Amino acid sequence: MSKEGLFIVFEGIDGSGKTTICKMLENTLKSRGINVFFTSEPTSGEYGKIIREKLRSGMEPLEAVLLFALDRYYHVKTIGELLETGHVVLCDRYYYSSLAYQGALLGEDMIKYIEEVHRPFIIEPDVVFLLDVRPEVGLSRVRSVRESGIEIYEEVRLQESIRKIYLRMAEEKGFIVINAEKPIKEVFSEVLSYVDVILK
Ligand code: TYD
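Keep in mind that this is a model prediction, so the values were computed, not measured.

Chemist: Explain the overall build of the protein chain to me, please; I cannot follow it from the model alone.
Modeler: If you tally the helices and strands in the protein chain, you get eight helices and five strands. Starting at the N terminus and ending at the C terminus, the protein chain contains elements arranged as β-α-β-α-α-β-α-α-β-α-α-β-α. The C-alpha radius of gyration computed for the protein chain amounts to 16 Å, which stays within 12% of the reference 16 Å derived for 200 residues, consistent with globular compactness. Overall, the protein chain is about 40 × 40 × 35 Å in size when its C-alpha atoms are taken along their principal axes. The buried share of the protein chain, reckoned over its 200 residues, is 48%. Residue pairs at least 24 apart in sequence account for 78% of intrachain contacts in the protein chain once pairs closer than 6 positions are excluded. For the protein chain, the exposed area adds up to about 10,200 Å²; of that, 52% sits on carbon and sulfur atoms.

In structure tokens form, the structure reads like this:
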């Protein structure tokens, strides 16, 4: 597949600020006349809707691997089309979320299998930003935004395991790690300076 666009992925634990940074980047690139498309996982598609319901009611970790992969399978088709038509695609979470979250829940020796499930259909991103925060910081942000309900995964120990997997992947796969505990404006300008280099 010829890839004309640019595929940028944002990852991080809950409350790391990915969505805010993506939106800021989307606005900035749009204002420069760049064809940019913001998208996120779980998607708003058929399987994404099922996932969102199950995130509230609960799902088994292996079920989550398969559902997220299925949602992603269709998402990747859309992303592929956008890249072929020259878009800059900003993606809030991608298969690394499955490696980190479901890997943390299922046990780290399962990570390679989760990766295998994705291998036949995945498009590798041009760059992955890991917005890194300590779980206490991330969770305190999430709590101040979401008043109601207990979301699964909102537990410091689990978030710590997820973060550990993310940081290891960052080394192995060459993610750009950003200290996302800083004020949002600083985090954004750091991200933008990397994106500017890539866009040149
Ligand atoms: P998201 O909508 O990104 O929530 P938030 O804005 O709080 O980051 O994702 C919902 C939850 O789904 C989040 O806790 C992370 C989890 N998730 C997985 O466990 N595996 C995955 O592959 C993805 C994409 C998300």
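Here the narrative resumes, following the displayed structure.
Chemist: Sorry if this is basic, but what is going on with unusual backbone geometry here?
Modeler: In most cases, non-glycine residues show a negative phi, while peptide bonds are predominantly trans. The amide bond that connects Glu41 to the next residue, Pro42, takes the cis arrangement and shows omega of -5°. For Arg93, which is not glycine, the phi dihedral falls at a positive 80°. Position of Arg93 among the secondary structure elements: in the loop between strand S3 (88-92) and helix H4 (95-106).

Chemist: What's the story with the side chain of Ser16 in this structure? I'm lost.
Modeler: One can find Ser16 in the loop between strand S1 (6-11) and helix H1 (18-31). At 2.8 Å, the side chain of Ser16 forms a polar contact with the backbone oxygen of Ile13. With residues up to four places along the chain from it excluded, the contact list for Ser16 reads Leu131, Val133, Arg141 and Ala180.

The rules we used
- Residues numbered from 1 in each chain as written.
- Predicted model: local features only at pLDDT ≥ 70, side-chain atom pairs only at ≥ 80, totals over all residues.
- Heavy atoms only, no water.
- Helix = DSSP H or I, 4+ residues; strand = E, 2+ residues; numbered from the N terminus.
- Rg over C-alpha atoms; globule rule 2.2 N^0.38 Å.
- Buried < 20%, exposed > 50% of the residue type's maximum accessible area, 1.4 Å probe, protein only.
- Contact = heavy atoms within 4.5 Å.
- Areas by Shrake-Rupley, 256 points an atom, 1.4 Å probe, with all protein chains shown as cover.
- Polar contact = N/O pair within 3.5 Å; in protein donor to acceptor, adjacent residues only side chain to side chain.

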